[in-house]
Structure formats: C-alpha cells, structure tokens
Amino acid sequence: MYCPYCGEKLALVLHDQEGLIPYCKSCGEFRFPQFATAVSMVVTNRTKDKILLAKHKNQDDYILIAGYIKKGETAEKTVTREFREETKLNVVKYKYMSSRYHESHNVLMLNYLVIAENGDPVIDENELDEVKWFDPEEALEAIRKDSDAQYFLKNALSELKNKF
Ligand SMILES: [Zn+2]
C-alpha cells in the first residue's frame, strides 16, 4: 500500500479509535482505504407488480440499473439522476435497503428499492441493450445468478410482500 498523495510506502499504525490503519510518515496522515461508491436499484412500478431489469450489450443475463456516485453528490441524488439518465423515466419514491462491497470493482454498492412512474423506458443504446419490465418470478429467473443483483432482488421482493 502506498500513499495516494505522495507515493510513500504506508505502514500500519494504531489509530486512537479505529485500530490499525495505513499511515503515511511523509505526510503525517492516516490514509484510510479508498473505494468507489455506487447505487444499485431494484425498480418496481406504482402497482408494485413489475420489476425493471437491464441488460448490457453482449451479455445474456439481466442486471439491476446501477451507477457510480459522483464526487460531492449524495446517494439519494444519484438514484434519481442515474435512473432518469438510463430510462428517461422519473423516480416516484425510493427507500434504502442494504449494501455490499464488490471486491473486483473495489466499489461499495448501496441498494435502493425504487418506485418509478409508469411508462416504457427509453434507453441510451450506447450503454444498455435492453431495459424491460418483468413479473417478479420472471425477474428472479432472469437476474444474473450468484450476483449482488440477485441478492438485492431477493431482499427487495420480500420487502415488497410486506408493505413498501
Ligand atoms: Zn503521503
């Protein structure tokens, strides 16, 4: 591990509250691990009987709509901005669900359950191949297996059975 500011090799030093944390002797600063943050969305309609899934170019299985949080932006803002960018539909209501750290992309995914306005999504064909509404059981079949998306979708479907 190296200091992202000066390139000095980091040493683990005991921090008062946080335990052993990488420390840069040259800067005299603790360097907490850095990672990106993104939102992922399980999107349903107003009647809560459909789930919207997306597919990237040249991929067989479906995923959740997701996007990176821009520096300085709140996660809440990312949910409404990213959803509108990717579908041209508006978010009606959303609720934070849970998070998962994704090792291979070094990103913390914050999952939201989203109610969207009714309508047909209009996609940016440079980014996505397809975005479509599924019945909940079909969505579970179509979602990428053993993925964070599958985990978030299962959580959301049991939440929808309750009351969101
Ligand atoms: Zn440094």
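A few points on the structure.

Conventions adopted
The residue numbering used here restarts from 1 in each chain and proceeds along that chain's sequence as written. Note on the predicted model: pLDDT of at least 70 is required for a residue's local features to be given, and 80 or more for side-chain atom pairs to be given and counted; whole-chain, interface and lining totals, by contrast, use all residues. Hydrogens are left out, water is left out, and the side-chain values use all remaining heavy atoms of the structure. Think of it this way: DSSP has to see at least two bridges between two strands before they count as a pair. Going along the chain from the N terminus, every DSSP run of H or I of four or more residues is numbered as a helix, and every run of E of two or more is numbered as a strand. To define a nonpolar core, start from buried Ala, Val, Leu, Ile, Met, Phe, Trp, Tyr and Cys residues and group those joined through side-chain atoms within 4.5 Å. For each residue, the accessible area found with a 1.4 Å probe, counting protein chains only, is set against the maximum for its type, and the residue is called buried under 20%, exposed over 50%, and partly exposed in between. The contact rule is simple, with two residues in contact once any of their heavy atoms fall within 4.5 Å. The span expected for a helix works out to 1.5 Å for each residue beyond the first. Donor atoms are limited to N, O and S found within 2.8 Å of the metal ion, a distance that becomes 3.2 Å for Na, K and Ca. With water left out, some sites might look partial. In this scheme the shape depends on donor count and angles: four donors with every angle between 85 and 135 degrees give tetrahedral, four or six donors with opposite pairs above 155 degrees and others between 65 and 115 give square planar or octahedral in turn, and any other case is irregular.

1. Regarding the sheet that holds strand β2 (residues 19-24)
Pairing is antiparallel across the open sheet formed by three strands, whose spatial order is β1-β2-β3. Two strands lie at the open edges of the sheet, namely β1 (11-15) and β3 (29-30), each paired on one side alone. Sheet analysis places β1 next to β2, joined by five bridges and oriented antiparallel. Pairing of V13 across the sheet is with I21, part of β2.

2. Quick notes on the nonpolar core
In terms of nonpolar packing, the biggest core is built from 20 residues, with V42, I51, L53, L64 and L153 touching the most fellow members. Of all elements in the fold, only β4 (36-44), β5 (51-56), β8 (107-116), α2 (136-142) and α3 (148-162) reach the threshold of two or more residues within this core. Here this core takes six residues from α3, the largest share from any one element. For I51, the contacting residues outside a window of four places in its chain are V42, V43, T44, K132, W133, F134, P136, A139, L153, L157 and L160. Membership of the second largest hydrophobic core comes to 19 residues, among which are M41, L52, L110 and Y112.

3. Points about α3
Over its 15 residues, α3 extends 22 Å from the first C-alpha to the last, a length consistent with the 21 Å expected when each residue adds 1.5 Å. For α3, the set of buried residues is D148, A149, Q150, F152, L153, A156, L157, E159 and L160. The inward-facing, buried residues of α3 abut β4, β5, β7 (91-102), β8 and α2.

4. Some words on the coordination of the zinc ion
Note on the zinc ion: its protein donors are C3 (SG), C6 (SG), C24 (SG) and C27 (SG). The metal-donor distances range over 2.2 to 2.3 Å. Coordination geometry of the zinc ion: the four donor atoms subtend angles of 100 to 115 degrees at the metal centre, consistent with an arrangement described as tetrahedral. Mapped onto the sequence, the donors of the zinc ion take the spacing C-x2-C-x17-C-x2-C. Residue C3 is located in the segment before β1, and its partner C27 is located in the loop between β2 and β3; the two are separated by 24 residues in the primary sequence. Given a relative accessible area of 4%, C3 falls into the buried group. A residue is classified by how much of its surface remains accessible, and C27, at 30% relative accessible area, is partly exposed.

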